[in-house]
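Commentary on secondary and tertiary structure
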Amino acid sequence: MKRVGLALVGLGNVGRRVLTHLIEREHILRDKYGLAFRVHCVVDSSGVAISDDGFDLTRLVEHKNAALKLRELPEFVEGLTLAGALHRVDCGILLEASPVDLTTGEPGLSNCRTALERGLHLALANKAPLALAHEELDRLAADAGVGILYSAAFCGGLPVLNIVRRDMVCGNVLAFRGIFNGTTNFILREMLNGRDYADALRETQERGIAEADPSLDVEGWDTAAKLVIAANSITDTMITLEDVSVTGI
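Digging into the nonpolar core
- Core analysis: the biggest nonpolar cluster contains 36 residues, and Cys-41, Leu-94, Leu-116, Leu-122 and Ile-148 have the highest contact counts within it.
- With five residues, the top contributor of residues to this core is helix α6 (residues 128–144).
- Excluding its chain neighbours within four sequence positions, the residues that come into contact with Leu-116 are Leu-122, Leu-137, Leu-140, Ala-141, Ala-144, Val-146 and Ile-148.

Written as structure tokens, this is what we have:
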């Protein structure tokens, strides 16, 4: 049995779903793959909590589903940083799912640097670090001898990037195109049918498709970030958001 320690940054919808998967599929991971995951470090907007033995994931999910902060847990450590936490507990992988900031990349970019400098593998659901500093992160990972995976940051559960990077490794990709943003696609389709923009946007928010602040979607930045990630993964280039012309609805 291989035991793997995890650090998880971000306990929103994505982070909580990861924990739920670990709970529901614990026996499959153990019996089929010989893996036992333990979450030793968790981070939300209130700070950092750590557990030497690993958190009770069911209790942790229930705590966050009740809209409570980590600082209300007994494992919370006042003033502890992610870097400090990774010195105190044994983690091999950082799962980064903090909020996206395409201007500074923070806090995700610093979290990624911290993890790679500590020799942790990195799994990203946050587009910002890749859109702003993909080349740097690849270099840090190579220096540390660890890997970076980020399919969760591009088309969610669809293995688009994995297929291109692995199954089509000997292929010659000439171009790619797609619908990169579901919110924008829905709004434009509704507008083509004569619906008012504001009304269509309101429905995406009510459905939970768009955030309360939909600017990343409707101003084109979410699509631009995904385009950068795709270009850097599919082609032999390294671009950033500064190389993309962006126009919103």
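Side note on the packing of aromatic side chains
- Across all of its chains, the model carries one aromatic pair by this definition.
- Ring centres of Phe-154 and Phe-180 lie 5.6 Å apart, and the angle between their planes is 80°; this geometry places the pair in the edge-to-face category. Linking Phe-154 in the loop between β7 (148–149) and α7 (160–167) with Phe-180 in the loop between α7 and α8 (182–192), this pair joins segments that are 26 residues apart in sequence.
- Overall, Phe-154 belongs to the buried group, its relative accessible area being 4%.

Thoughts on the state of the cysteines
- Scanning the entire structure with this criterion turns up zero disulfides.
- Take Cys-41: it sits in no disulfide, and the sulfur closest to it among the cysteines is that of Cys-91, at 5.7 Å.

Things to note about the pattern of salt bridges
- By the definition in use, this model includes 14 salt bridges.
- Across the pair Arg-30 and Asp-31 runs a salt bridge whose closest N-O atoms are separated by 3.1 Å.
- With relative accessibility at 35%, the residue Arg-30 sits in the partly exposed group.
- Take Asp-31: its relative accessible area is 57%, and that puts it in the exposed class.
- Ionic contacts of the salt-bridge type, sharing partners, join the residues Glu-190, Arg-195, Asp-199, Arg-202, Glu-203 and Arg-207 into one network.

Some points on the packing of α7 against helix α11 (residues 221–234)
- Where α7 contacts α11, the two axes come as close as 10 Å, and the packing angle between them is 15°. Overall, the two elements α7 and α11 adopt an arrangement that is roughly parallel. Classified by chirality, the crossing of α11 by α7 is right-handed. On α11, the residues touching Leu-161, Val-164 and Arg-165 of α7 are Ile-229, Ala-230, Ser-233 and Ile-234.

Reading the values: the criteria
- Residues numbered from 1 in each chain as written.
- Predicted model: local features only at pLDDT ≥ 70, side-chain atom pairs only at ≥ 80, totals over all residues.
- Heavy atoms only, no water.
- Core = buried A, V, L, I, M, F, W, Y, C linked by side-chain atoms within 4.5 Å.
- Buried < 20%, exposed > 50% of the residue type's maximum accessible area, 1.4 Å probe, protein only.
- Helix = DSSP H or I, 4+ residues; strand = E, 2+ residues; numbered from the N terminus.
- Contact = heavy atoms within 4.5 Å.
- Phe/Tyr/Trp six-rings, centres within 6.5 Å; stacked < 30°, edge-to-face > 60°.
- Disulfide = S-S within 2.5 Å.
- Salt bridge = Lys/Arg side-chain N within 4 Å of Asp/Glu carboxyl O.
- Axes fitted to C-alpha atoms, helices over the stretch in contact; angles between N-to-C directions.
- Parallel < 35°, antiparallel > 145°, perpendicular 65-115°, else oblique.
- Left-handed = near helix turned anticlockwise from the far one by under 90°.

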